[in-house]
Structures are given as structure tokens and as C-alpha cells.
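Summary of the model geometry
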Amino acid sequence: MILTFFLFQDSRGAASLLKDTVPIIDFSASGSFEGYDLLRRGFTSVKSELVPSHPLELIEKNFQLNHDKTNFATLRNIQGLHAPLKLQMEFRAVKQVQRLPFLHSSNLALDTLRGNDGSISFEDILNDPSQSEVMGEPHMMMEYKLGLL
């Protein structure tokens, strides 16, 4: 990571600012000596490293992906190749549009495309953003999302 400091000794304009930069190298620990960054990466979890304990757990985890694949295959057989491609492009476009990382997003457009907007499910009742434990510092989360940290 290289930081630059501008020296404002000359009054020649923006061209002199580019010449009067001094690179300063960050001397932070890296490699095997680097500590775990708890603020950026969160708490470590052994649960994420374990294999599924039951055969149905993996099927339940990938249910939406498998359901989408089945719907795309059916749509391709009925309407041709263009229909699933168009729907996948719409999914990709809708997934890119989100709120800021520290605000809860309901993903209503994605639910509408999938046909889930007319049903009430487990996530609709127990996914209240006011009871969330994931709220963090807004500035830190935006800098992390933009790759500034």
C-alpha cells in the first residue's frame, strides 16, 4: 500500500502536485506474522468449515439454486433458448441493484421475478431488520465494499 502526501510549496497548479509526491511505504505486518483482522473479517466460525451433518442439509442449502435450474430447463424446453437467457440477465441485473451495505434490503424485485412475492415464508416473518445483529459502522462498511480498506 503506497500513500502519497502532497507538498504545497509550488503554486504552479495541478501539474506541480503530480511531481511533488513522496511515496511512503506501509510497514504493516504481512504473511504469517499478520494477525487476524476481526473488524474486517468478523469472528471465525468452525461451523462454516464443517461438512454437512445430514444428507438433507446440503439439499436444503442449495434448494433455490436447484429450483432455478429446473425452471430454466423447463422454460428452455417450452419456449426455446432465449427465454432462460433473458430471465438470467434480468436476475443478474436485479441482484446488482442493492441498498447500501449497512441497510437492510428486501430484494422485492428478485422475489417478483422468482414468483415469491405472493407467498409468506419463514424469512418474511423472522427476518426483521430491526432485530438484526449485523449492524456495523456505515463508513467502515462502505469503504470495505468499495475496496478502500
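Keep in mind the model is a prediction, meaning the values are calculated, not measured.

Turning next to the overall build of the protein. A count of helices and strands for the protein gives eight helices and two strands. Its helices and strands taken in sequence order, the protein reads β-α-β-α-α-α-α-α-α-α from the N to the C terminus. Counting the 149 residues in the protein, one finds 5% classified as buried. A total of about 13,300 Å² of accessible surface is found on the protein, and carbon and sulfur atoms cover 60% of it.

With that settled, consider the packing of aromatic side chains. Summed over the entire model, instances satisfying the criterion amount to one aromatic pair. Both rings, one in F72 and one in F91, keep their centres 5.9 Å apart while their planes meet at 55 degrees; by these two values the pair is tilted. Residue F72 is found in helix α4 (residues 63-79), and its partner F91 is found in helix α5 (residues 82-96); the two are separated by 19 residues along the sequence. The buried category is assigned to F72, whose relative accessible area is 14%. It is R114 that lies over the ring of F91; its NZ or CZ is 5.5 Å from the centre.

Moving on to α4. Its 17 residues give α4 an end-to-end C-alpha distance of 24 Å, which sits within 8% of 24 Å, the value for a rise of 1.5 Å per residue. Count one or two residues on from α4 and you reach G80, which has phi positive near 105 degrees.

Judged by side-chain polarity, I120, F122, I125 and L126 come together as a nonpolar surface patch covering roughly 520 Å² of accessible area. Classification of L126 by relative accessible area gives exposed; the value is 59%.

Right, let's talk about the layout of surface pockets for a bit. Estimated volume of the largest pocket: approximately 630 Å³. Taken together, 19 residues line the largest pocket, and the ones lying closest to its centre are D111, N116, S121, E123 and D124. Secondary structure elements with two or more residues in the lining of the largest pocket: α4, α6 (108-114) and α7 (122-126). In terms of residues, the lining of the largest pocket owes the most to one element, α6, which gives four residues. Considering only residue class, the lining of the largest pocket consists of three nonpolar, ten polar and six charged.

Quick look at the environment of L108 now. Residue position: L108 is located in helix α6. Here the alpha-carbon distance between L108 and V94, two residues 14 residues apart in the chain, equals 9.4 Å.

Conventions we followed
- Numbers given to residues run from 1 along each chain, matching the order in which its sequence is written.
- Thresholds applied to this predicted model are a pLDDT of at least 70 for local features of residues and 80 or more for the giving and counting of side-chain atom pairs; totals over whole chains, interfaces and linings are not thresholded and use all residues.
- Side-chain metrics in this entry use all non-hydrogen atoms of the structure; hydrogen atoms and water are not considered.
- A run of H or I in DSSP counts as a helix once it spans at least four residues, and a run of E counts as a strand once it spans at least two, with each numbered from the N terminus.
- Exposed residues in this analysis have more than 50% of their type's maximum accessible area, buried residues have under 20%, and partly exposed residues fall in between, with area computed by a 1.4 Å probe over protein chains only.
- Each accessible area is a Shrake-Rupley estimate made with a 1.4 Å probe; only the visible protein chains count as cover when residues are assessed.
- Aromatic pairing here means that ring centres of Phe, Tyr or Trp (its six-membered ring) are within 6.5 Å. Orientation follows from the plane angle: under 30 degrees is stacked, over 60 is edge-to-face, and everything else is tilted.
- For a Lys NZ or an Arg CZ to count as sitting over a ring, it must be within 6 Å of the ring centre and within 35 degrees of the ring normal.
- Between the first and last residue of a helix there are one fewer steps than residues, each counted as 1.5 Å, and that sum is the expected span.
- A residue counts toward a patch only above 30% relative accessible area and without a salt bridge, and it is joined to like-charged neighbours within 9 Å or, for Val, Leu, Ile, Met, Phe, Trp and Tyr, to nonpolar neighbours within 5 Å.
- Salt bridge criterion: a side-chain nitrogen from Lys or Arg within 4 Å of a carboxyl oxygen from Asp or Glu.
- Think of a 1 Å grid over the protein atoms and nothing else: a 1.4 Å probe that fits but is trapped marks a cavity, an open set flanked by protein within 12 Å on at least five of seven lines marks a pocket, and residues with an atom within 4 Å of a point count as lining.
- Grid points are joined across faces, edges and corners, and a volume is the space filled by probe spheres set on the points.
- When residue character is reported, Ala, Val, Leu, Ile, Met, Phe, Trp, Tyr, Cys and Pro are called nonpolar, Asp, Glu, Lys and Arg charged, and the others, Gly included, polar.

Honestly, it's all geometry; don't read function into it.
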